[in-house]
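Structural overview for review
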Amino acid sequence: MLDSEVLKVSMKAWALLVLLSVCLKAVLCYSNGKVSEACNDMTPDHVKHGSPDPPPYSITVDKTKFSPLENIKVTLSVVPSENKAHFKGFLIEARNGRNPDAGPVGSFILVDPNISQLLKCGNKEGAAVSHTSDSSKTEVQVIWTAPQDPPSSVQFQVTVVQKFKLYWVRIPGPVVSLNGTPLPPLSTAGESSAKTTTSPGSLSDPFTSEGCGIRKSCLREPAGCDPQNDALCYFMSFRAEDTSVVFELSGPAPGYVSFALSKDKWMGEDDVYLCINEDGHVDISAAYVQGRTHPVGASENVLGDTAWRLADGVIQCRFRRNIHIPAPNQNRSDLDKAQYLFMAHGRAENGRTHRHDRQPLISTNPVLITGPPEDLTGSRSSLLIKFHAVFMLIAWMMTVSTGVIIARYFKPDWAETTVCGQRVWFQFHRALMLVTVLLTCIAFILPFIYRGGWSKRAGSHPYLGCTVMALALIQPVMALFRPAPDSSRRYIFNWLHLGTGTIAQVIAVVAICLGIHQQALLLPAPWSTGVLAGYVVWFVLADLLLEVHRRGLFPRGQFFKNFEIHTENIQTEDKEEILFVPSENEGGIKGPCFRKIVLAVYVCGNLGFLTVLLVTIGGV
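What comes next concerns the included structure. Model, not experiment: these values are computed from the prediction.

Cut-off values and rules
Residues numbered from 1 in each chain as written. Predicted model: local features only at pLDDT ≥ 70, side-chain atom pairs only at ≥ 80, totals over all residues. Heavy atoms only, no water. Helix = DSSP H or I, 4+ residues; strand = E, 2+ residues; numbered from the N terminus. Buried < 20%, exposed > 50% of the residue type's maximum accessible area, 1.4 Å probe, protein only. Contact = heavy atoms within 4.5 Å. Areas by Shrake-Rupley, 256 points an atom, 1.4 Å probe, with all protein chains shown as cover. Expected span 1.5 Å × (residues − 1). Pairing = 2+ DSSP bridges. Salt bridge = Lys/Arg side-chain N within 4 Å of Asp/Glu carboxyl O. Core = buried A, V, L, I, M, F, W, Y, C linked by side-chain atoms within 4.5 Å. Axes fitted to C-alpha atoms, helices over the stretch in contact; angles between N-to-C directions. Disulfide = S-S within 2.5 Å. Phe/Tyr/Trp six-rings, centres within 6.5 Å; stacked < 30°, edge-to-face > 60°. Lys NZ or Arg CZ within 6 Å of the ring centre and 35° of its normal. Patch = residues over 30% accessible without salt bridge, like charges linked within 9 Å, V, L, I, M, F, W, Y side chains within 5 Å. Parallel < 35°, antiparallel > 145°, perpendicular 65-115°, else oblique. Left-handed = near helix turned anticlockwise from the far one by under 90°. Nonpolar A, V, L, I, M, F, W, Y, C, P; charged D, E, K, R; others polar.

Below, the discussion takes up the overall build of the protein chain. Helix and strand content of the protein chain: 9 helices and 30 strands. Here the protein chain holds 620 residues, and 46% of them are scored as buried. Summarising the internal contacts of the protein chain: among those between residues at least 6 apart in sequence, 63% fall at separations of at least 24. Taken as a whole, the protein chain presents about 31,500 Å² of accessible surface, with 60% of it coming from carbon and sulfur.

In structure tokens, the structure reads:
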């Protein structure tokens with residue numbers, strides 16, 4: 001028993017350590033310069049590899065010889081010929097001239113703490129210097145202090161970030177010697193760290209959906225669209241060729257289009273492929289997503305035959321990837337295993353992707369990339385979220401409004417008829433309101449199951465939803481403790497019941513207006529909002545028509561002539577009520593018949609509005 005408890009504790013501790021390592025890794029690309037984890041290889045954890053081009057920066061020192069504990073001023077600056085160059089991030093270190101991979105040597109003193117900060121590398125305080133923000137810079141100066149027991153020579157190296165996807169790793173700087181010791185050959189650390197990539201070609205023609213399901217598999221939105229003719233078509237295709245797969249990706253986007261291979265329908269632990277529009281050029285790269293974070297670039301180039309096209313705001317890219325990627329690319333998925341496909345798009349700035357503008361388009365079922373060609377289907381909304389929307393719409397568009405109208409205008413009807421000992425109008429009203437509470441409770445739980453907790457990106461929608469849920473539960477509780485019909489305090493219940501119900505109905509409509517534009521659902525705008533506004537107007541018109549009819553449809557003289565105060569035999573729960581009594585000679589539609597016609601027309605129209613929204617939800 002003790003061994004099992006120890007094992008459980010050990011497993012939890014190991015999981016916590018893994019989580020902490022992930023969190024630490026995620027901060028490497030932060031703009032605040034706290035990049036101590038990059039001290040060893042001096043490489044930013046960005047999506048792309050370091051630039052192979054000559055760096056437009058230089059490193060200079062004010063001395064070429066040094067003694068133990070002596071200070072040397074080190075300057076990082078833009079090459080004078082590069083007038084438009086600047087940099088946003090940097091990492092300066094001093095390395096052993098004969099063994100530059102052995103780690104930092106000595107320590108630094110800041111000259112300008114506003115733009116530079118000291119870093120702790122391992123157990124060495126101040127062993128490196130980095131930026132404090134992503135502001136543009138042209139020069140940085142620091143003071144290096146030699147250690148008590150220095151190596152015979154020291155080389156200064158720097159990593160410089162001009163923008164997120166353009167940086168130079170371990171640019172070799174000057175070598176200084178200990179009291180005139182002969183200098184070793186210059187290190188080429190910066191050159192060796194640069195990765196080469198396949199130069200992309202250009203696509204002469206747009207992609208086409210011809211052959212989808214026959215020669216290649218396709219995932220697209222809207223269903224059946226053709227990127228050759230439809231600029232709003234989000235399109236992905238792939239076909240296996242021997243030991244590799246050719247992918248095509250297309251879609252209108254301000255910054256990037258991408259797709260991911262995932263074992264489930266949740267973002268995290270996914271193999272990602274990005275096509276990023278960067279100043280009129282499309283960068284095609286592989287990456288990996290660890291949880292809900294920025295993609296981490298692949299350590300090696302795994303894509304070939306890359307090509308791209310930009311036209312009318314549409315990004316298109318094509319590349320080839322082997323079915324199996326050998327180690328050390330542990331984060332690349334094998335393409336002969338069934339996985340879900342995610343398609344996403346969004347904004348990008350300086351080569352860095354922002355959160356996708358819409359919920360990703362996710363394939364309905366896991367897809368075998370190397371399998372037979374298929375015309376795939378997908379959805380941007382989870383089934384749980386769709387049911388959440390459906391239940392809320394039925395509850396607050398149909399059952400609530402119908403129950404309110406029956407309670408407000410149909411108390412005098414079916415005077416001699418009871419159901420289970422209660423008036424017909426009351427049984428209808430109670431049944432509809434109980435259905436409302438039940439649907440609201442079920443719908444309220446579904447998003448929490450989907451998200452696994454509270455959503456931080458849904459704005460005010462969840463707060464309004466919680467308010468509606470609370471008010472919906474208060475109403476039946478209040479009804480259970482209502483005073484008797486002849487109680488002197490009955491009017492208090494009547495006003496509270498009316499006020500609480502009306503407030504809940506208004507807040508529910510506002511919550512629905514916000515909810516249909518949440519990323520998890522995102523119905524087409526603006527006409528979906530128009531349909532919801534049409535429902536509100538429809539309810540108000542029906543309510544006004546019945547209210548005017550209840551108060552009389554005749555001239556003012558005739559109006560007052562036909563009002564009576566009835567206090568007996570009303571057979572409603574409220575003993576006193578103002579009723580309109582028509583004269584025997586009046587023509588037109590009788591009251592009960594007119595009310596039933598209005599109710600029937602209202603319910604039919606309401607069903608029309610509701611059906612339009614439900615069908616739209618089904619197609620998202």
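On to helix α5 (residues 461-480), then. Between the first and last C-alpha of α5 there are 30 Å, a value that for 20 residues agrees with the 28 Å anticipated at 1.5 Å per step. Taken as a whole, α5 has its buried residues at H461, P462, G465, V468, M469, L471, A472, Q475, M478 and A479. The secondary structure elements touched by the buried residues of α5 are α3 (383-409), α4 (424-451) and α6 (490-515).

The next thing to look at is the pairing of strand β7 (residues 116-121). Two strands pair when backbone bridges link them, and β7 and strand β8 (residues 124-131) are joined in this way by 5 bridges, in the antiparallel orientation. Opposite Q117, over in β8, you have S130 as the bridge partner. In textbook terms, the turn of a hairpin is the stretch between consecutive antiparallel strands, and for β7 and β8 this stretch comprises 2 residues, one of which, G122, has a positive phi near 65°.

Right, let's get into the pattern of salt bridges. Applying the stated criterion across every chain yields a total of 20 salt bridges. The closest approach of N and O atoms between E221 and R380, which form a salt bridge, is 2.7 Å. Of the two residues, E221 sits in strand β13 (residues 217-221) while R380 sits in the loop between β26 (378-379) and α3, which places them 159 residues apart along the sequence. You'll find E221 and R380 in the same group, each marked buried. A salt bridge links D334 to K337; its shortest N-O distance comes to 3.8 Å. In this structure D334 comes out as partly exposed when scored by relative accessible area, which is 23%. Bridged by salt links that share partners, the residues R239, E241, D305 and R320 form one connected network.

A separate point is the nonpolar core. W396 and I405 are the most contacted members of the largest nonpolar core, which has 48 residues in total. Of all the elements in the fold, those that place two or more residues in this core are α3, α4, α5, α6, α7 (527-551) and α9 (591-619). For this core, the element with the most residues is α3, which contributes 15 residues. Once residues within four sequence positions are removed from consideration, I405 is found in contact with F410, F539, A542, L546, L599 and Y602. Y273, L303, L341 and V367 belong to the second-largest nonpolar core, a separate cluster that totals 32 residues.

The next subject is the sheet that holds strand β6 (residues 107-110). Read from one edge to the other, the open sheet built from 4 strands follows the order β1-β3-β9-β6, with strand pairing classed as antiparallel. Edge positions in the sheet fall to β1 (57-61) and β6, since each has one partner strand and no second. On average, each strand axis in the sheet is tilted by 30° relative to the strand beside it, whichever way the strands run. In this structure, β1 lies alongside strand β3 (residues 71-78), joined through 5 bridges in antiparallel fashion. Counted as the bridge partner of S58 is S77 from β3.

To continue, consider unusual backbone geometry. Of the consecutive residues E221 and P222, the connecting peptide bond is found in the cis state with omega at 0°. Residue position: P222 is located in the loop between β13 and β14 (234-241). Positive phi is not limited to glycine here, since D312 has a value of about 55°. With respect to the helices and strands, the residue D312 is situated in the loop between β20 (303-311) and β21 (314-322). Phi angles above zero are rare outside glycine, and L522 is one such case at about 50°. Residue placement: L522 occurs in the loop between α6 and α7.

Under the counting rule described, the total for this entry stands at 4 disulfides. Through a disulfide, C39 is tied to C121; the S-S separation comes to 2.0 Å. Measuring handedness by torsion sign, the sulfur bridge of C39 and C121 sits at about -60° and is left-handed. With a gap of 82 residues between them, C39 in the loop between α1 (2-26) and β1 and C121 in strand β7 connect regions that are remote in the sequence. Each bonded cysteine of the protein chain gets a number by its place in the sequence, and the pairs then read 1-2, 3-4, 5-6, 7-8.

Here the focus is the packing of aromatic side chains. If you walk through the whole model with that rule in mind, you get 20 aromatic pairs. A ring pair is formed by W425 and F426, whose centres lie 5.7 Å apart and whose planes are at 80°; its orientation type is edge-to-face. You'll find W425 and F426 in the same group, each marked buried. In this structure an aromatic cluster arises from ring pairing among F238, F247, F259, Y273 and F319. Lying over the aromatic face of Y234, R380 brings its terminal NZ or CZ to 5.3 Å of the ring centre.

In this section: a nonpolar patch on the surface. Where nonpolar side chains cluster on the molecular surface, the patch consists of Y491, I492, W495, L496 and L498 and spans about 560 Å² of accessible area. I492 gets classed as partly exposed once you look at its relative accessible area, which sits at 38%.

This paragraph deals with the packing of α3 against α6. For the pair α3 and α6, interaxial distance at closest approach is 11 Å and the crossing angle is 150°. Considered as vectors, α3 and α6 are oriented roughly antiparallel to each other. In terms of crossing hand, the pair formed by α3 and α6 is left-handed. Between α3 and α6, the residues in contact are M392, L393, W396, V400, S401, V404 and R408 and L498, A504, Q505, A508 and I512, respectively. Classifying every residue of the contact of α3 with α6 gives 9 nonpolar, 2 polar and 1 charged.

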